[in-house]
Amino acid sequence: MINAMKYALVTGGSRGIGRAVSVKLAEMGFFVLINYHTNQQEAELTLQQVRDQGSDGELLKFDVAVQEEIERVLGQWQAAHEGAYIQVLVNNAGIRKDALLMWIKNEEWHEVINTNLHSFLYVTRFLIKDMLINKMGRIVNVVSLSGLKGLPGQANYSAAKAGVIGATKALAQEIAKKNVTVNAVAPGFIKTDMTKDLDEAQLKAMIPMGRFGKPEEVAAIVGFLASNEASYITGAVINVNGGLYT
Ligand code: NAP
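Residues numbered from 1 in each chain as written. Predicted model: local features only at pLDDT ≥ 70, side-chain atom pairs only at ≥ 80, totals over all residues. Heavy atoms only, no water.

Student: What's the story with the overall build of the protein chain in this structure? I'm lost.
Tutor: Helix and strand counts for the protein chain stand at eight helices and seven strands. For 246 residues, the compact-globule formula gives about 18 Å, and the C-alpha radius of gyration of the protein chain, at 17 Å, lands near that figure. For the C-alpha atoms alone, the extent of the protein chain along its principal axes is close to 55 × 35 × 35 Å. The buried share of the protein chain, reckoned over its 246 residues, is 49%. Considering only residue pairs separated by 6 or more positions, the protein chain has 72% of its internal contacts joining residues 24 or more positions apart. Here the protein chain has roughly 11,800 Å² of accessible surface; of this, 53% comes from carbon and sulfur atoms. The centroid of the 24 positive side-chain charges in the protein chain is displaced by 6 Å from the centroid of its 24 negative side-chain charges. (Helix = DSSP H or I, 4+ residues; strand = E, 2+ residues; numbered from the N terminus. Rg over C-alpha atoms; globule rule 2.2 N^0.38 Å. Buried < 20%, exposed > 50% of the residue type's maximum accessible area, 1.4 Å probe, protein only. Contact = heavy atoms within 4.5 Å. Areas by Shrake-Rupley, 256 points an atom, 1.4 Å probe, with all protein chains shown as cover. Lys, Arg positive; Asp, Glu negative; His and termini not counted. Charge placed at Lys NZ, Arg CZ, Asp CG, Glu CD.)

This is the structure:
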């Protein structure tokens, strides 16, 4: 059976940047698979906003750090949608657990690496085959300024995001001929739950634009990279940071 619906998966779609990306992709006509970890109520709210765009979606609960969970849930989805494939993958789910390296606990290191870096491998490897067979796919990885410049107190997070940036560039070259693009978007400080414990007044003084970004300002470029128009862009890392580079 041929399924003409275009599917996009957004990991960590229940809140923040992932929600804004889900809404953007819905506006572009995608059926959006909204992954979340524990927060079903917020995920339902994203789904409502996706439907408000005149599109539709469904919730997929799995922990992006656990390979077995990912493969079970996505495998069930594939079995239930014969002839369909996920054309757009936005690897967005992420966490931070900040500590100076001297004091960092093994769990804080491993949890951040598993959720931000290993997740990229598990989810992407599972979905990439269908993109290659169909000779059309878009993978967008949400990384961070922290992965480019390194931020003190974030050695674990900086390492994970830098790892995803390296993998983005490598994978982009592996599969470019198959019309599957792989890019990264590197936000600076964006106003979401992830940054709500930070001292915004102090930090925004360092940002040339003098403010934190909005999730929609990240979603706009993710949407573009997921579109047909971005067909010749691959292996790129695009900053969305209000001019804050160093
Ligand atoms: P957020 O508001 O804290 O939302 C995090 C999202 O990730 C939630 O949907 C959460 O699901 C999901 N998530 C967390 N752990 C997960 C897991 N193990 N499995 C599945 N989903 C999981 O964060 P955000 O600010 O939107 O950040 C989104 C991405 O942008 C992250 O990769 C982050 O590192 C990156 N980023 C953010 C900023 C910023 O300033 N905000 C800057 C640079 C990069 P639940 O709702 O179920 O918990």
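Student: Could you clarify how one ought to interpret the pattern of salt bridges in this entry?
Tutor: Close approach of charged atoms lets side chains of opposite charge pair. Scanning the entire structure with this criterion turns up twelve salt bridges. In this structure, E111 engages K97 in a salt bridge whose closest nitrogen and oxygen atoms are separated by 3.9 Å. Of the two residues, E111 is situated in helix α4 (residues 106-133) and K97 in the loop between β4 (86-91) and α4; the sequence distance between them amounts to 14 residues. Residue E111 is classed as partly exposed on the basis of its relative accessible area, which comes to 38%. For E217, the salt bridge goes to R211, with nearest N and O atoms at 2.8 Å. What makes E217 partly exposed here is its relative accessible area of 31%. On the basis of relative accessibility, which here comes to 34%, the residue R211 falls in the partly exposed class. (Salt bridge = Lys/Arg side-chain N within 4 Å of Asp/Glu carboxyl O.)

Student: Honestly, the pairing of strand β1 (residues 7-10) in this entry has me stumped. Any pointers?
Tutor: Consecutive side chains of a regular strand alternate in pointing toward one face of the sheet and then the other. In β1, alternate side chains face the same way, and those of Y7 and L9 on one face and A8 and V10 on the other are all buried. Here four bridges tie β1 to strand β2 (residues 31-36), and the two strands are oriented parallel to one another. Paired with L9 across the bridge in β2 is L33. Between the parallel elements β1 and β2, the chain passes through helix α1 (residues 16-27) in a crossover that is right-handed. (Pairing = 2+ DSSP bridges. Right-handed = clockwise from strand over helix to strand, strands pointing away.)

Student: Where do I start with the nonpolar core in this structure?
Tutor: Soluble globular proteins: nonpolar side chains tend toward being buried together. L9, L60, F62, L74, I86, V123 and I139 are the most contacted members of the largest nonpolar core, which totals 34 residues. Breaking this core down by element, the ones donating at least two residues are β1, β2, α3 (67-80), β4, α4, α6 (155-175) and β6 (180-187). When residues of this core are assigned to their parent elements, the largest contribution, six residues, is made by α4. Not counting residues within four places of it along the chain, the set of residues in contact with L60 comprises L9, L33, I34, N35, Y36, V73, L74 and W77. Listed in part, the 26 residues of the second largest apolar core include V88, V90, V142 and V218. (Core = buried A, V, L, I, M, F, W, Y, C linked by side-chain atoms within 4.5 Å.)

Nothing here speaks to function; it is geometry throughout.
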